[in-house]
Structures are given as C-alpha cells and as structure tokens.
Amino acid sequence: MHLEIVSPEATLYSGEATSVTVPGTDGAFQLLDNHAAIVSLLEEGIVRVKGAKLSDKARKHFSAGKEADEITLAIKSGTVEMKDNKVIVLAD
C-alpha cells in the first residue's frame, strides 16, 4: 500500500509500506493492504510503519522500531485516512 506521512512543516514520508499502526482515540489499530476505507482521529503516541524504505532525508524524522523492518514516529495528534490502498497520516 502507499503511505504518506505529512506534518505541518513537510512531507515526512511518501512511499510503500506493508503495515501501519496508529494511536487511535480508542486505542492503537493497524492498517494493512485492502483495509476498508476509514478516517480516524489520532492521539499522542507512536506511528509504527513496517516495510518502508527511507531516504536519507526522511531518516532524520524516524526512529528504529522493535523489529528489523520497522520504523517509528512520535506524534502529538493527527488524523489518518485509508482509501483504495492509500494511507495518509496528517501528524502534529
């Protein structure tokens, strides 16, 4: 699936990913290929992305995750939208 993570300052990541876990208001949830369309508010927490290939420029925004192919990004709030295998995370 295609993933875009956007902050008020810049696009932090735009590329492919195999899964995205976000901190929803009712708890964390995971988005995978062919997930149903969804729009949700996000609260403070960690966005976990698996299968992303970071450029050197994007690498400065992310931390290594617990697993070898996982990267993480701490956010204060935001929204997520998934539709037609495209995920957009608007993060503060």
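Use the structure listed above.
Now for a description of the structure that goes with this document. (Residues numbered from 1 in each chain as written. Predicted model: local features only at pLDDT ≥ 70, side-chain atom pairs only at ≥ 80, totals over all residues. Heavy atoms only, no water.)

## Some words on the pattern of salt bridges
Summed over all chains, the structure comprises three salt bridges. A salt bridge links Glu 4 to Lys 86; its shortest N-O distance comes to 3.5 Å. Of this pair, Glu 4 sits in strand S1 (residues 2-6) while Lys 86 sits in strand S8 (residues 86-91), placing them 82 residues apart in sequence. Residue classification places Lys 86 among the partly exposed residues on the basis of a relative accessible area of 34%. Here Glu 67 ties to Lys 50 by a salt bridge, and the two come within 3.1 Å at their closest N and O atoms. Here Glu 67, found in the loop between strand S6 (63-64) and strand S7 (70-83), pairs with Lys 50, found in strand S5 (residues 38-50); they are 17 residues apart in sequence, far enough to count as distant. Judged by its relative accessible area of 41%, Glu 67 falls in the partly exposed class. Residue class for Lys 50 comes out partly exposed when judged on its relative accessible area of 21%. (Salt bridge = Lys/Arg side-chain N within 4 Å of Asp/Glu carboxyl O. Helix = DSSP H or I, 4+ residues; strand = E, 2+ residues; numbered from the N terminus. Buried < 20%, exposed > 50% of the residue type's maximum accessible area, 1.4 Å probe, protein only.)

## Overview of the nonpolar core
Among the nonpolar cores identified, the biggest contains 24 residues, and Leu 3, Ile 5, Val 49, Phe 62, Val 87 and Val 89 are the most heavily contacted of them. Secondary structure elements with two or more residues in this core: S1, strand S2 (11-16), strand S3 (19-24), S5, S7 and S8. Of the residues forming this core, the biggest block, five residues, is contributed by S7. Ignoring any residue separated from it by four or fewer positions in sequence, one finds Ile 5 in contact with Ala 10, Thr 11, Leu 12, Tyr 13, Val 49, Phe 62, Leu 73 and Val 89. (Core = buried A, V, L, I, M, F, W, Y, C linked by side-chain atoms within 4.5 Å. Contact = heavy atoms within 4.5 Å.)

## Examining the pairing of S2
Taken residue by residue, a regular strand's side chains alternate between the two faces of the sheet. Note that S1 and S2 share five bridges and pair antiparallel. Its bridge partner being in S2, Ile 5 is matched across the sheet by Tyr 13. Taking the residues that link successive antiparallel strands as the turn, the S1-S2 hairpin has four residues. (Pairing = 2+ DSSP bridges.)

Coordinates in, geometry out; function isn't part of it.
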